[in-house]
Structure formats: structure tokens, C-alpha cells
Amino acid sequence: MRKTPKGSRQRHDECFPPIAKPDAELLILGSLPGRKSLEMQQYYAHPQNAFWKLIAKIYDADPSLPHLERVAILTVNRIALWDVLAAAERPGSLDSSIVHASARANDFAAFYRTHPLIRRVYFNGRKAEELYGRFVLPGLSAPGLSDEFAAIRYAAMPSTSPAHAGMTFAKKLARWKKIREKTS
């Protein structure tokens, strides 16, 4: 969604609600939806984004499934999907264009409390990891909260964005298969 506050020419992109069931054990985080995703109102809607192709390959599904069926693959496998930022100004779709001064993070303390089984967080690219480190981790590390979220483990995955063309699909797939691993 694009919002233009009164008296302002800046427009902010806003993220979608999380895709998550209460039994989610793993969270995949992007930075903020790109133009095509906002237009289609779907996570990773750009046809060149490899996210859904990777998920289909990892979970033996047809990559051309309708969006809701692709979402079901995630929830059945106890995977949640969200973005680090709730909103930010970003001209275009590149993560490098996110204006940090305008960034507002999602409420992860509340999210983790309503999804207490999440123990693994995978970042879809380094920018999502960087934004989380900058805007989320300091709040989760505050006195009284740090113990509550200490069991969560983090890992950065190769970006599925078409802008990250320096890595082949096969290499991305080899890394992304890690999401199937179970933790004890």
C-alpha cells in the first residue's frame, strides 16, 4: 500500500500482515514488499523473484500453484513469512533505496509472543538481516526482554530478488534447503 501523509510529498510502502499460524516454528523475513508485490498484494509477486520457485522445489510442489496454495505450503510446514519493516520510504523496489530515516520496524516482541514456537529466523538477503539488526534487535535486547527471546537463532540466506543475479538458482536452492532442517 502507498500512503501519502497530509502536507507531505513522501510516500511510504507498507508491509503485508504476516503469514503465520500459531504453531509456526520458523520465520522467513524479507525487508519490505517491492512494487510488483504491492500491486498484486502478495509476497514475492515479481515473476523473476525466486522465492516461490525455491519453496516449490524444496517442498516438491508445482511452482505455478495459485498464491493461496503456495502460502499453504508454508503454513503446513510451520513456516511464517513477514517483513522486517512495517513501513518505509523507498523509491522503486531496490532494498538499497530504503530511506532509513523513514523506516519503522514491525513489532517483533508481540509477534514472537503470539508465535512462541519460533526458534529460527531466516533472512531473505543481507538487507533484511541488516535492517533487523539495526531496527529490531536493540529492542529485543532490552532489559527484561533479552532472556525471553534468547532461544531464537538467526541465519541470512541468499536473496531471492532478481537484483541478486550473481548466484545461480542451484546455489540458492542448496542454501535455502536449510529451512527443512529440524532443530531440537
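Residues numbered from 1 in each chain as written. Predicted model: local features only at pLDDT ≥ 70, side-chain atom pairs only at ≥ 80, totals over all residues. Heavy atoms only, no water.

**Here's the deal with the overall build of the chain**
Argument step 1. Secondary structure assignment for the chain yields seven helices and eight strands.
Argument step 2. By residue count, 46% of the 184 residues in the chain fall in the buried class.
Argument step 3. Residue pairs in contact within the chain that sit at least 24 positions apart in sequence constitute 68% of those at least 6 positions apart.
Argument step 4. Approximately 9,700 Å² of the chain is accessible, and the part contributed by carbon and sulfur atoms is 54%. (Helix = DSSP H or I, 4+ residues; strand = E, 2+ residues; numbered from the N terminus. Buried < 20%, exposed > 50% of the residue type's maximum accessible area, 1.4 Å probe, protein only. Contact = heavy atoms within 4.5 Å. Areas by Shrake-Rupley, 256 points an atom, 1.4 Å probe, with all protein chains shown as cover.)

**Let's talk about unusual backbone geometry**
Argument step 1. Even without being glycine, Gln41 reaches a positive phi, approximately 60°.
Argument step 2. Here Gln41 falls in the partly exposed class, since its relative accessible area comes to 42%.
Argument step 3. With a phi close to 50°, Asp60 is a non-glycine residue in the positive phi region.

**A few points about the packing of helix H2 (residues 51-58) against helix H3 (residues 67-76)**
Argument step 1. The N-to-C vectors of H2 and H3 enclose an angle of 55°; their axes lie 11 Å apart at closest approach. Taken together, the axes of H2 and H3 lie oblique to each other. Crossing of H2 against H3: the hand is left-handed. In this structure, H2 contributes Phe51, Trp52 and Ile55 to the contact, and H3 contributes His67, Arg70, Val71, Ile73 and Leu74. (Axes fitted to C-alpha atoms, helices over the stretch in contact; angles between N-to-C directions. Parallel < 35°, antiparallel > 145°, perpendicular 65-115°, else oblique. Left-handed = near helix turned anticlockwise from the far one by under 90°.)

**Examining the side chain of Thr160**
Argument step 1. Positionally, Thr160 belongs in the loop between strand E8 (153-157) and helix H7 (169-176).
Argument step 2. One polar contact links Thr160 to Asn124, side chain to side chain, over a distance of 2.9 Å.
Argument step 3. In contact with Thr160, not counting residues within four places along its chain, are Tyr44, Gln48, Asn49, Ala50, Phe51, Leu54, Asn124, Lys172 and Trp176. (Polar contact = N/O pair within 3.5 Å; in protein donor to acceptor, adjacent residues only side chain to side chain.)

**Looking at the confidence of the model for the chain**
Argument step 1. Mean pLDDT over the chain works out to 86, with 85% of the residues at or above the 70 mark.
Argument step 2. Of all helices and strands in the chain, the one with the weakest mean pLDDT is strand E1 (residues 2-3) (44), whereas strand E7 (residues 120-124) scores best (98).
Argument step 3. Segment residues 1-9 is flagged for pLDDT under 50; beyond a separation of four residues in sequence, or across chains, it makes 17 contacts in the model. (pLDDT = per-residue confidence, 0-100.)

**As for the packing of H2 against H7**
Argument step 1. Across the interface, H2 lies against H7 with an axial gap of 10 Å and an inter-helix angle of 60°. With respect to H7, the axis of H2 lies oblique. As H2 runs across H7, the sense of the crossing is right-handed. For the pair formed by H2 and H7, the contact residues are Phe51, Lys53, Leu54, Lys57 and Ile58 on the first element and Phe169, Lys172, Leu173 and Trp176 on the second.

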